[in-house]
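Descriptive analysis of the structure
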Number of protein chains: 4
Amino acid sequence: MSKEDSPRMSRRDRRHRALKDAAIEIFFEHGYHAAKVSQIVKRVGVAQGTFYLYFEGKQQLFAELISDFLELFVSTVAEWEPEEIDSRRVLRQELTEVGLKLTEVLLDNKKVTAIFFRESQAVAPELNELIRHTYEMLLAMLTDFNRILYKRGLIADMNFRLLATMTVGMVERVIVERIVHDTLDEAEPQEIVDHLIMHYLAGTTDIVDETLS
Amino acid sequence: MSKEDSPRMSRRDRRHRALKDAAIEIFFEHGYHAAKVSQIVKRVGVAQGTFYLYFEGKQQLFAELISDFLELFVSTVAEWEPEEIDSRRVLRQELTEVGLKLTEVLLDNKKVTAIFFRESQAVAPELNELIRHTYEMLLAMLTDFNRILYKRGLIADMNFRLLATMTVGMVERVIVERIVHDTLDEAEPQEIVDHLIMHYLAGTTDIVDETLS
Amino acid sequence: MSKEDSPRMSRRDRRHRALKDAAIEIFFEHGYHAAKVSQIVKRVGVAQGTFYLYFEGKQQLFAELISDFLELFVSTVAEWEPEEIDSRRVLRQELTEVGLKLTEVLLDNKKVTAIFFRESQAVAPELNELIRHTYEMLLAMLTDFNRILYKRGLIADMNFRLLATMTVGMVERVIVERIVHDTLDEAEPQEIVDHLIMHYLAGTTDIVDETLS
Amino acid sequence: MSKEDSPRMSRRDRRHRALKDAAIEIFFEHGYHAAKVSQIVKRVGVAQGTFYLYFEGKQQLFAELISDFLELFVSTVAEWEPEEIDSRRVLRQELTEVGLKLTEVLLDNKKVTAIFFRESQAVAPELNELIRHTYEMLLAMLTDFNRILYKRGLIADMNFRLLATMTVGMVERVIVERIVHDTLDEAEPQEIVDHLIMHYLAGTTDIVDETLS
DNA sequence: CATGAATGAGATTTCATTCAT
DNA sequence: GATGAATGAAATCTCATTCAT
């Protein structure tokens, strides 16, 4: 997902990148269906046919964009080491760190983020499958994580899958409002993350640790 | 949004309803862009031109569907009387009731629900505005509601808009998983609603009422 | 072509007349092809189907309008008695009379006149034939008339058909400018008619009569 | 308006020309409204979409045709040098020349001429404005010309605008009969032009020059 | 006579993709 | 690799006309 136009990139890679960047702009401005390949190539300044030297087609380019986004998202939220989390305090620290990192990454990629949440599901069934698969993975991961937290006494017993689902929802909607619609902009990332964590960790019985922290 | 084909409906209303129902099927199966007006009219068994006696066009029909859905959603979640809520217990009762009602309503309208969450934002900018406007309204309402709960000592002090946003997110994702993707189906509506409420009401200090209930 | 809504007319005739009048308005405003039957019936306040009780269709109605107009035109210009014309002075008197009468009649029917000259030829081949036939008749009549004038020594020898053609052209263009486009409106009908006659009768050798008159 | 398929024309220009020529045929045969783009492309042997690489649409193509025609017409009749006309004889010479040139040009473009007079006004209001504007220009030019002739003692005093209008009418109708309907075909162009001039210059008092010539 | 809902043929136009240069 | 002209499939929508009530 990195967009830097490093001189180390080959001519081919640079052009590939340029087309993707242009596509992001156009998709963001007009939406996938209203966006025309002709607009994308015009923005980059290459011929219509050139487009097909770099992508199989409009849809495949879109899929590539979404796939990049999912990878970026997953790699950002999935880089922690659960085994090190042994106290409520460490948990909060870790979650805060992930939350702030994610905020930063998504703010750096506002337009793809917007594209993803706005219409990634309305383009092609194949793409929906990829997205669905990623969600399943994320949910499974979070569910497992919740179970671990429970075993370590960090959260109460409950439906862990449900908790994972709700958590994903909270985060998604906050992203959409904050990153895509620019509401919630008076709230600091730290504040947002704190609220998310508080409601994620609701219903815990670990009163002691809570009062101590 | 009611779909019953009551004999009280005029001939015109019945046909209007039939076309909408067929459209829901087709949009659900193929998605907005792949759906053809010809498929819709064929399913109802009327001529192509008849469609345009009832709708200005494919897009306006879609907008009508989404508008209906939003109205249904809002009217379902917005029918409570905040003034009667004076205790944690009543609050839970009310929320549970709304949650169960919403579950029922959305299960009755699975396909429109799926259409809404899958691609309502990827059709037309005008429609996006309507949707956005509805979200703003919903968020404002919930924010106010949260503020009232706080004043009555039912929740802690916090960023009420943020809480509203997260709540909407939790609910949305749970809807999508449960109603649209048929995951979480081993969870009873009651369990789901309980979890949602628990995490919505997280961070409360009202320990007393809590232990009593 | 008479438009008066006399009480002597039967209900049927009144409605027929009303539809024609409405059609004239609509055709004038939008042109034949852009005019819709629905607009015509709406203006009269009858149902769509009623239209077809009075006319075979849109095209036949148009043809009726044009046919009426041609009849009106021909009957206006063709009512003289050539045998009585035995001097240049009488000729001028007769021509003046016809000219003024025609002006009056066409001013009373501005919109049909405009419709006729603007698009009567662009509707249907059958109609073109009728129009063509009328022109042929008119030209033949005028040609004969010219020949008679020549025999009586009122005009010089020349190509009488050509003279007839030019005369029709002069008159037509003057009509279009004066009646349809409202240019030439500072010129009195009398002046217009005088000019037409002068150039129609050009090349005459009848100097004597000329100087006497 | 030139139709020659010169090898100097670019590939693009040749195809543009070919499409226009085919369109002229089709419009001539069926009329604007009955003419189908599919017929035009079929005649040229290109794909349907190709048409839209060269024209914005059927209507714009028609407008281009009419615009070409008007330009051709105006450039043919407007190329004289009024200052050189100092005698009735020179005037006749000049008018004859223009008349013969126009006849030639229009005979070379019979079908567009027919299309123009048959239905150019029945296609689109925008086009009507262009046509009207051209007529106004032509009439103003002729009116000025008449005034000059009068000042030089070549024609009598009269309503010059009216004379211009009548002249345009004579010419038009003669064109329609001769070029479009193939009547008057036993008359030589020279004869036609002579008659037109005679009636155009009617009412002159310049007897001397007349008898001399 | 009157109604007006329903019909359905079919033309225009778009644009992703191809391929000869 | 690059070009960009050409392709052509296919879907929307219109509106004169019909006909059952």
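Residues numbered from 1 in each chain as written. Chains lettered and ligands numbered in written order. Predicted model: local features only at pLDDT ≥ 70, side-chain atom pairs only at ≥ 80, totals over all residues. Heavy atoms only, no water.

1. Considering the protein's contact with DNA strand E
- Taken together, 34 residues lie near DNA strand E, and Arg15, Thr50 and Tyr54 of chain B together with Gly49 and Thr50 of chain C sit nearest.
- Here, DNA strand E places atoms within 4 Å of the protein, and 65% of those atoms are sugar or phosphate.
- One of the side-chain N or O atoms of Arg15 of chain B is found 2.9 Å from a phosphate oxygen in DNA strand E.
- In this structure, Arg11 of chain C approaches DNA strand E through a side-chain N or O atom, which is 3.2 Å from a phosphate oxygen.
- Contributions of two or more residues to the surface near DNA strand E are made by helix H1 (11-30) and helix H3 (48-54) of chain B, helix H1 (11-30) and helix H3 (51-54) of chain C together with helix H3 (48-54) of chain D. (Near = heavy atom within 4 Å. Polar contact = N/O pair within 3.5 Å; in protein donor to acceptor, adjacent residues only side chain to side chain. Helix = DSSP H or I, 4+ residues; strand = E, 2+ residues; numbered from the N terminus.)

2. Regarding the interface of chain B and chain A
- At the junction of the two partners, chain B supplies 38 residues and chain A supplies 38 residues.
- Interface of chain B and chain A: buried area, both sides summed, is about 3,300 Å²; carbon and sulfur atoms make up 67% of it.
- Per-residue buried area on chain B facing chain A is highest for Met166, Arg173 and His199 of chain B; these three make up 20% of the total on that side.
- Across the contact surface, chain B and chain A share 5 salt bridges.
- One salt bridge connects Arg161 of chain A with Glu177 of chain B, and the closest N-O pair in it is separated by 4.0 Å.
- Linking chain B to chain A there are 16 residue pairs in polar contact (both at pLDDT 80 or more).
- Contributing elements (two or more residues each) for the side of chain B that touches chain A: helix H6 (110-119), helix H7 (125-151), helix H8 (160-180) and helix H9 (189-200) of chain B.
- In terms of residue count, the dominant contributor to the side of chain B that touches chain A is H8 of chain B (12 residues).
- When its residues are assigned to classes, the side of chain B that touches chain A shows 17 nonpolar, 11 polar and 10 charged. (Contact = heavy atoms within 4.5 Å. Buried area = accessible area lost by both parts, 1.4 Å probe. Salt bridge = Lys/Arg side-chain N within 4 Å of Asp/Glu carboxyl O. Nonpolar A, V, L, I, M, F, W, Y, C, P; charged D, E, K, R; others polar.)

3. Focus on helix H4 (residues 58-77) of chain A
- Between its first and last C-alpha atoms H4 of chain A spans 29 Å; for 20 residues at 1.5 Å apiece the expected length is 28 Å, and the two agree.
- For H4 of chain A, the tally of buried residues reaches 14 of 20 residues, placing the bulk of the element in the interior. (Expected span 1.5 Å × (residues − 1). Buried < 20%, exposed > 50% of the residue type's maximum accessible area, 1.4 Å probe, protein only.)

4. A short note on the packing of aromatic side chains
- Taken as a whole, this structure holds 40 aromatic pairs over all chains when the rule is applied.
- Relative to Phe73 of chain A, the ring of Phe69 of chain A has its centre 6.2 Å away and its plane inclined at 45 degrees; by these criteria the two rings are tilted. Of this pair, Phe69 of chain A and Phe73 of chain A both sit in helix H4, 4 residues apart, which is roughly one turn of the helix.
- Since its relative accessible area comes to 1%, Phe69 of chain A is described here as buried.
- Taking relative accessible area as the criterion, Phe73 of chain A reaches 15% and is therefore assigned buried.
- Between Phe51 of chain D and Tyr52 of chain D the ring centres are 5.0 Å apart and the planes differ by 70 degrees, which places this aromatic pair in the edge-to-face class.
- The exposure class of Tyr52 of chain D is partly exposed, given its relative accessible area of 44%.
- Taken together, Phe69, Phe73, Phe116 and Phe117 of chain A form an aromatic cluster joined through their ring pairs.
- The cationic tip of Arg173 of chain A hangs over the ring face of Tyr135 of chain B; the distance from NZ or CZ to the ring centre is 4.1 Å.
- Directly above the aromatic system of Tyr32 of chain C lies the positively charged group of Lys58 of chain C, at a separation of 4.6 Å from the ring centroid. (Phe/Tyr/Trp six-rings, centres within 6.5 Å; stacked < 30°, edge-to-face > 60°. Lys NZ or Arg CZ within 6 Å of the ring centre and 35° of its normal.)

5. Digging into a negative patch on the surface
- Residues Glu81, Glu83, Glu84 and Asp86 of chain A make up a contiguous surface patch of negative charge.
- The exposure class assigned to Glu81 of chain A is partly exposed, which follows from its relative accessible area of 38%. (Patch = residues over 30% accessible without salt bridge, like charges linked within 9 Å, V, L, I, M, F, W, Y side chains within 5 Å. Areas by Shrake-Rupley, 256 points an atom, 1.4 Å probe, with all protein chains shown as cover. Lys, Arg positive; Asp, Glu negative; His and termini not counted. Charge placed at Lys NZ, Arg CZ, Asp CG, Glu CD.)

6. Some details on the domain arrangement of chain A
Residue and element names in this part refer to chain A.
- Parsing chain A into structural domains produces domain 1 (1-55) and domain 2 (62-212).
- Between the C-alpha centres of domain 1 and domain 2 the distance comes to 30 Å.
- Counting residues at the interface gives 13 residues for domain 1, matched by 16 residues for domain 2.
- Summed over the shared surface of domain 1 and domain 2, the result is 3 salt bridges. (Domains from an automatic or database assignment.)

7. A word on the protein's contact with DNA strand F
- The immediate surroundings of DNA strand F are formed by 34 residues, with Arg12, Gly49 and Thr50 of chain A together with Thr50 and Tyr54 of chain D found nearest.
- Taking the atoms of DNA strand F that fall within 4 Å of the protein, sugar and phosphate contribute 65% of them.
- Taking Lys58 of chain B, its main chain carries an N or O atom lying 3.5 Å from a phosphate oxygen of DNA strand F.
- Residue Gly49 of chain D places a main-chain N or O atom 3.1 Å away from a base nitrogen belonging to DNA strand F.
- With 4 residues, H3 of chain D is the largest single contributor of residues to the surface near DNA strand F.

8. Some remarks on the interface of chain C and chain D
- On the chain D side, the residues contacting the 38 residues of chain C number 38 residues.
- It is Met166, Arg173 and His199 of chain C in chain C that bury the most area against chain D; as a group they hold 20% of the surface buried on that side.
- Across the salt bridge formed by Arg173 of chain C and Glu172 of chain D, the nearest N and O atoms sit 2.8 Å from each other.
- Here chain C is connected to chain D by 16 residue pairs in polar contact (both at pLDDT 80 or more).
- Those elements that place two or more of their residues in the side of chain C that touches chain D are helix H6 (110-119), helix H7 (125-151), helix H8 (160-180) and helix H9 (189-200) of chain C.
- Of all the elements, H8 of chain C adds the most residues to the side of chain C that touches chain D, at 12 residues.

9. Quick notes on the side chain of Ser87 of chain A
- Relative to the assigned elements, Ser87 of chain A resides in the loop between H4 and helix H5 (88-107).
- Within the structure, the side chain of Ser87 of chain A is placed 3.1 Å from the backbone nitrogen of Val90 of chain A, a separation counted as a polar contact.

10. Concerning the packing of helix H4 (residues 58-77) of chain D against helix H7 (residues 125-151) of chain D
All names here are of chain D.
- Remark: H4 packs on H7, axes separated minimally by 10 Å, with the N-to-C direction vectors making an angle of 5 degrees. Relative to H7, H4 is oriented roughly parallel. Along the contact surface, H4 presents Gln59, Phe62, Ala63, Ile66, Ser67, Leu70, Phe73, Val74 and Val77, while H7 presents Glu126, Leu127, Leu130, Ile131, Thr134, Met137 and Leu138.
- Taken together, the residues that form the contact of H4 with H7 break down as 12 nonpolar, 3 polar and 1 charged. (Axes fitted to C-alpha atoms, helices over the stretch in contact; angles between N-to-C directions. Parallel < 35°, antiparallel > 145°, perpendicular 65-115°, else oblique.)

11. Overview of the relation of the copies chain C and chain D
- When chain C is fitted to chain D, the best match, at an RMSD of 0.2 Å, comes from turning it 180 degrees and sliding it 0.0 Å along the axis. What the superposition gives is, in effect, a two-fold axis relating one chain to the other.
- Of all interface residues in chain C, 100% are interface residues in chain D too; the two copies therefore contact each other through one and the same surface. (Least-squares fit on C-alpha atoms with pLDDT ≥ 70 in both.)

12. A short note on H9 of chain B
- Taking 1.5 Å per residue as the helical rise, H9 of chain B with its 12 residues ought to reach 16 Å, and the 16 Å between its terminal C-alpha atoms agrees with that figure.
- Taken residue by residue, H9 of chain B has Ile192, Val193, His195, Leu196, Ile197, His199 and Tyr200 of chain B as its buried positions.
- Looking at the buried side of H9 of chain B, the elements it contacts are helix H8 (160-180) and helix H9 (189-200) of chain A together with helix H5 (88-108), H7 and H8 of chain B.

13. Details of the environment of Ala18 of chain C
All names here are of chain C.
- Along the chain, Ala18 falls in helix H1.
- Residue classification places Ala18 among the partly exposed positions, given a relative accessible area of 29%.
- Note: C-alpha distance between Ala18 and Ile40 (22 residues apart in sequence) is 9.6 Å.

14. Concerning unusual backbone geometry
All names here are of chain A.
- Of note in the backbone geometry, Asp182 takes a positive phi value of approximately 55 degrees without being a glycine.
- Relative to the helices and strands, Asp182 resides in the loop between H8 and H9.
- Given a relative accessible area of 40%, Asp182 falls into the partly exposed group.

15. Some remarks on the confidence of the model for chain A
- Mean pLDDT for chain A: 89, with 91% of residues reaching 70 or above.
- Scored below 50 in pLDDT, residues 205-213 of chain A shows 7 contacts in the model against residues more than four places distant or in partner chains. (pLDDT = per-residue confidence, 0-100.)

16. So, the pattern of salt bridges
- A full pass over the atoms with the stated rule returns 56 salt bridges over all chains.
- Linking Glu136 of chain A and Arg132 of chain A is a salt bridge whose minimum nitrogen-to-oxygen distance equals 3.2 Å. On the criterion of helical spacing, the pair formed by Glu136 of chain A and Arg132 of chain A is a turn pair, its members being 4 residues apart in helix H7 (residues 125-151).
- Classification of Glu136 of chain A as partly exposed rests on a relative accessible area of 28%.
- Using a relative accessible area of 14% as the deciding quantity, one classes Arg132 of chain A as buried.
- Of the charged contacts, one joins Glu177 of chain C and Arg132 of chain D as a salt bridge, the two residues approaching to 2.6 Å between their closest N and O atoms.

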